[in-house]
Protein chains: 6
Amino acid sequence: MTRADGRTDDQLRPVRLTRGFQKHPAGSVLVEFGDTKVLCAASVTEGVPRWRKGSGLGWLTAEYAMLPSATNTRSDRESVKGRVGGRTHEISRLIGRSLRACIDLKALGENTIALDCDVLQADGGTRTAAITGAYVALADAVSWLGARNALADPKPLSCQIAAVSVGVVDGRVRLDLPYEEDSRAEVDMNVVATDTGTLVEVQGTGEGATYTRATLDAMLDSALAGIEELTRLQREALA
Amino acid sequence: MTRADGRTDDQLRPVRLTRGFQKHPAGSVLVEFGDTKVLCAASVTEGVPRWRKGSGLGWLTAEYAMLPSATNTRSDRESVKGRVGGRTHEISRLIGRSLRACIDLKALGENTIALDCDVLQADGGTRTAAITGAYVALADAVSWLGARNALADPKPLSCQIAAVSVGVVDGRVRLDLPYEEDSRAEVDMNVVATDTGTLVEVQGTGEGATYTRATLDAMLDSALAGIEELTRLQREALA
Amino acid sequence: MTRADGRTDDQLRPVRLTRGFQKHPAGSVLVEFGDTKVLCAASVTEGVPRWRKGSGLGWLTAEYAMLPSATNTRSDRESVKGRVGGRTHEISRLIGRSLRACIDLKALGENTIALDCDVLQADGGTRTAAITGAYVALADAVSWLGARNALADPKPLSCQIAAVSVGVVDGRVRLDLPYEEDSRAEVDMNVVATDTGTLVEVQGTGEGATYTRATLDAMLDSALAGIEELTRLQREALA
Amino acid sequence: MTRADGRTDDQLRPVRLTRGFQKHPAGSVLVEFGDTKVLCAASVTEGVPRWRKGSGLGWLTAEYAMLPSATNTRSDRESVKGRVGGRTHEISRLIGRSLRACIDLKALGENTIALDCDVLQADGGTRTAAITGAYVALADAVSWLGARNALADPKPLSCQIAAVSVGVVDGRVRLDLPYEEDSRAEVDMNVVATDTGTLVEVQGTGEGATYTRATLDAMLDSALAGIEELTRLQREALA
Amino acid sequence: MTRADGRTDDQLRPVRLTRGFQKHPAGSVLVEFGDTKVLCAASVTEGVPRWRKGSGLGWLTAEYAMLPSATNTRSDRESVKGRVGGRTHEISRLIGRSLRACIDLKALGENTIALDCDVLQADGGTRTAAITGAYVALADAVSWLGARNALADPKPLSCQIAAVSVGVVDGRVRLDLPYEEDSRAEVDMNVVATDTGTLVEVQGTGEGATYTRATLDAMLDSALAGIEELTRLQREALA
Amino acid sequence: MTRADGRTDDQLRPVRLTRGFQKHPAGSVLVEFGDTKVLCAASVTEGVPRWRKGSGLGWLTAEYAMLPSATNTRSDRESVKGRVGGRTHEISRLIGRSLRACIDLKALGENTIALDCDVLQADGGTRTAAITGAYVALADAVSWLGARNALADPKPLSCQIAAVSVGVVDGRVRLDLPYEEDSRAEVDMNVVATDTGTLVEVQGTGEGATYTRATLDAMLDSALAGIEELTRLQREALA
């Protein structure tokens, strides 16, 4: 029982991390998980929001969005609708929380890093690709600050962060689901973890179904193996 | 090393489920997890949204909100701000998804159930209390429909749904965190599960920290024991 | 010709004022006029809005809202619609204006009191119940400030404020209309007055009809008697 | 003790009603109460809102607004702020309710009349001028419909509607307050009534003060005399 | 081949500029191009927006809007819709940009002038009438500041600004199009220029058609002649 | 006097048109004018908006937006601000109007084409690059419809559309301004024209300065030569 794209159950799609995609932001990475393409930019601003001034701590935020043309059927533009949808909000918060887990905000000093993750093309796993790419953009932004002697401490990043989706499709645990599998998965889980295999965020959802702890364990095994591979690719890209 | 409120690490706060709190909705339950108090109402409307008409399937939605006076420091009213915040959106979506896991929408027939979970007083764990109370309100709304012969099939509920928070505080895995513990937890997890112990949703977040799989397992053990107790209390309340 | 609920024309519904309903706000009162139940909270913030700083005067605002599940048919949530409706605005303004009539803002000192009146269950007269309950919550908040020596002057409240509805139903002047009468009243009036019988606000509306000055006078007689009784109940509750 | 503009206490400001101010709407009246100038337009649309279709009844709505340049200090544009303020909402609702008191919606047939009251210059009493002018614009719109045989019944207007403000200033009851008096009035009342002296709406507010029933009676006497004069001027304008 | 209103192709409609239309703003002009009537107000505020403070430069903004009753068919109110439409935005920006071309913001000193152009009646050419009238209101506001010694330099206005529309209708180049011509024009151009004939803004649009450079030249000839006449009328009005 | 990037005054930046950039939309083109990069997608929907149904005519709309990371300094996201800005509105309208000039909506049949122009990187001339790229995306979408026999008539495109900016910088007329020149241009013009040199839209703005007709003519000469070259590149890309 093979997958439509020929992969084995525990295999990632081809992953590409292209640094320097845009010229303006301090870090700019195009991340591709198969046909999913997300542009991750890390923009640096001197100073922090008002409520944080004088604390000696920096700040990191994230915003996720999807181009209307990224999806199979054109989706409406949230700026035109005049409000950010629930799903967008949720993913933006997840990305920000995940990346804050690897950065020492004291070492960052009173600087703000805004991570913009804009999906150019969607084919499942956009949030996990975004987190994986955003880490690389963040690393570039931190280097950029370091080169300008603008860090309070030289090494604000304590670990790498990557993420992958995993789910149960056709009764089998499968890694890194494309849209075709994601849309009919019985269980869907997103895992964010570090390069040493400790967990940052686990979100597992039964889609109209429930699942056992044994399934949870099998999904975690698969996801953590995938994340190990993703952090290796991050290191390669940053080398 | 005892907890500030005298509980053991794996003990729930006192739980109360008061049915019939309001006279208008088909189901209305005040749920209390210690000082956390959430009013859960299940309102029934004949018919379904336009995009679902003629499908023979019913629909279930949920909205979560907090009274401005529910929190320690008064919070701004989202209607006045003119937009629903990210946290509110996220929790509303979680509640809806969790409760849809127990209902057969075909058996419900073309009826819509709106679950409103309004927090009257917040002391940690509002979303898990909301899910636990909403199940009881939903059960009442389903009985109400049954009594009017308005169901397509007599038993639309396939299982019970309850939820509880669990976290790592002071280095120890603790169940059902009040605000005082929640605000300083190193890891924070919300678990939604059924009365047979299968999982519906697992959301575990390191708060500025990461955690091991062993910790994840210990948290799940504690949460599932708590949920078993909560589903027993639901049955008692509905008896 | 008796009323559906057995009352005489000039009789109030059973009134209950429960103090200390919530633990966080400085004042928190559940007020019930029959089946109408409104949660009135008075939250204290040190300081005043920017435009008032350094004036030596305090400030008092009010916000009124209705839970979606409070009404006979579920109403849409204003936060989700993204705007506060005209009726909500109007009542919020009425409550604030009414309560500001009894407080000496100089004596209050540079403190802000926010009155939140959230309708848990609606059965006519929600705005008059809200005003009556908000006065008691306000009195508690003022005592709370006094106990902390945070008042500029020990007695900022110059009188009591209460309110009641009155209308013409079936050609008869009736006091404190429940929804069933309110929805078919020919004339509808809300009266806000003090414990000494002076007027704060009179709002009388012909509903698709007009009315004579004699009717206005009869309605005022009935309302003022009702308010006398309500202020007696406020004193009892605060004793 | 005379008034700043030389009027006696019970005297109206000079009132002008200019019909046909705009060419597009079926009725268009510029009403002036002294320096207060409001443009009242009655626009007719065939048909009624969806929820009223097939009822045989017409509909009448009103919207009030103020030009930014109308006030002493320029006020922000509500379209730019993105929301209609509470005061605007409240006055729009008052105008609509008041004018619906004189029209038989069955006789109007399934037509909609929109009354737009735009304040070109504000000097107190804009809402009462708006109501008084809107009645004349409405009368013109009804004639316009009659001339096209578009009414279900030839006489949909059962009476005239006019309005005036009255207040207590410097301890004296005064009619038709300009801004200079209105801004320092102790009590402020708006009265809407018919040409036969029956009441449509009474809204009396103590501004940081309370008032006795005797004051209420004196204010009503003054207002009703003013309204009698205003309805005479309406008849003249329409002759 | 004459025009419906009897004009020759290169003739303006009757133009009127009425100064002092409102009493509050420093400048207030009712401008009429035939049946198009726009109220242009110039309101002065001491000081400038925060981002400009301490620069020694003044600021000038413009907002354009249309009364709902101004058009042939009633248009919805943008404040009620909760957002300013694209056309409104575009015209507001055009007016501000055009008038900033004639004012030396250094000479203005740290003052802000807000130009409000509210269309009372629309019959084509509202934006060009607005610019032409706004110049006169601006001149009055500048005099008002001069009289109060509030200018940094006595002559902040370097030239006059006026505007007119021109288009191709029935195959002929025609000046100052009323709605009847504008709505069926093949090409439509708005020209803003100074009293010495230099250009400020040229916006020419093929409406579902394209046009040659020869047509562009003929339109410019006609527009510049019209603007010469308009600047003469401005001088007369200001004399 | 050469330009910073070494070009002559009448030379375009290097232009690239990459078709098939995204897999979902019927047409998807990445257009580059030097460092300005805009992703232009043409999405096809069967059917037309409600107000156009049954007319036999198709519809074409356009939306322009900028990624936050596209600009030199990160710009705020319009979806988060909750409203589309004036500049965005204006450019979206320009693109839609320009492209509608080349399409026969009757030949298109009752289909809707949405053109999304999202700026990935901004360096001046984003709107003209967007129009030039959108034409190619539109041509691909029309071919896509033709291949599915979904057109009412086989050749809905009557001409090509391209656009370029031109301005006066350092006293010289220059073509296709990058940000560095655009930001200090004295005059700025955008020209949209067809492959036969007829004009679609001309927008020339003095930036705090005015300009003569001779300058206008020189700018048009330069722009039309540039557009001739751009339409040649479009034909090459589509070959």
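Residues numbered from 1 in each chain as written. Chains lettered and ligands numbered in written order. Predicted model: local features only at pLDDT ≥ 70, side-chain atom pairs only at ≥ 80, totals over all residues. Heavy atoms only, no water.

- An unreviewed UniProt entry annotates chain A as Ribonuclease PH of Pseudonocardia oroxyli.
- Looking at chain A in UniProt, the text filed under Subunit (unreviewed entry) is "Homohexameric ring arranged as a trimer of dimers."
- In UniProt, chain A has this text filed under Sequence similarities (unreviewed entry): "Belongs to the RNase PH family." (UniProt positions renumbered as here; feature names shortened; annotations may be inferred.)

1. Some thoughts on the state of the cysteines
Link 1 in the chain: Applying the stated criterion across every chain yields a total of zero disulfides over all chains.
Link 2 in the chain: Between Cys102 of chain A, a cysteine without a disulfide, and Cys159 of chain A, which holds the nearest cysteine sulfur, the sulfur-to-sulfur distance is 5.4 Å.
Link 3 in the chain: Sulfur of Cys40 of chain D: no disulfide; nearest cysteine sulfur belongs to Cys117 of chain D and is 4.1 Å away. (Disulfide = S-S within 2.5 Å.)

2. Let's talk about the interface of chain E and chain D
Link 1 in the chain: Counting residues at the interface gives 34 residues for chain E and 34 residues for chain D.
Link 2 in the chain: At the junction of chain E and chain D, the tally comes to 14 salt bridges.
Link 3 in the chain: Put simply, Asp123 of chain E and Lys23 of chain D hold a salt bridge, and the shortest N to O gap is 3.6 Å.
Link 4 in the chain: Taken together, chain E and chain D are joined by 21 residue pairs in polar contact (both at pLDDT 80 or more).
Link 5 in the chain: At the level of secondary structure, the elements contributing two or more residues to the side of chain E that touches chain D comprise strand E3 (36-46), strand E4 (59-66), helix H1 (78-81) and strand E5 (111-121) of chain E.
Link 6 in the chain: Per-element tally for the side of chain E that touches chain D: the top contributor is E5 of chain E, with six residues.
Link 7 in the chain: For the side of chain E that touches chain D, a count of residues per class yields 14 nonpolar, nine polar and 11 charged. (Contact = heavy atoms within 4.5 Å. Salt bridge = Lys/Arg side-chain N within 4 Å of Asp/Glu carboxyl O. Polar contact = N/O pair within 3.5 Å; in protein donor to acceptor, adjacent residues only side chain to side chain. Helix = DSSP H or I, 4+ residues; strand = E, 2+ residues; numbered from the N terminus. Nonpolar A, V, L, I, M, F, W, Y, C, P; charged D, E, K, R; others polar.)

3. Quick word on the environment of Gly86 of chain C
Link 1 in the chain: By the element assignment, Gly86 of chain C lies in helix H2 (residues 86-100).
Link 2 in the chain: Spatially, the C-alpha atoms of Gly86 of chain C and Glu201 of chain C are 19 Å apart, while their sequence positions differ by 115 residues.
Link 3 in the chain: When sequence neighbours within four positions are dropped, the list of residues in contact with Gly86 of chain C reads His89 and Arg93 of chain D.

4. Some details on the relation of the copies chain E and chain D
Link 1 in the chain: Once turned by 180° and shifted 0.0 Å along the axis, chain E lies on chain D with an RMSD of 0.0 Å. Such a combination of turn and shift is consistent with a two-fold rotation axis. Across chain E, the rotation axis passes nearest the C-alpha of Ser79 of chain E, at a separation of 1.8 Å.
Link 2 in the chain: Interface residue correspondence from chain E to chain D reaches 100%, placing this contact among same-surface, isologous pairings. (Least-squares fit on C-alpha atoms with pLDDT ≥ 70 in both.)

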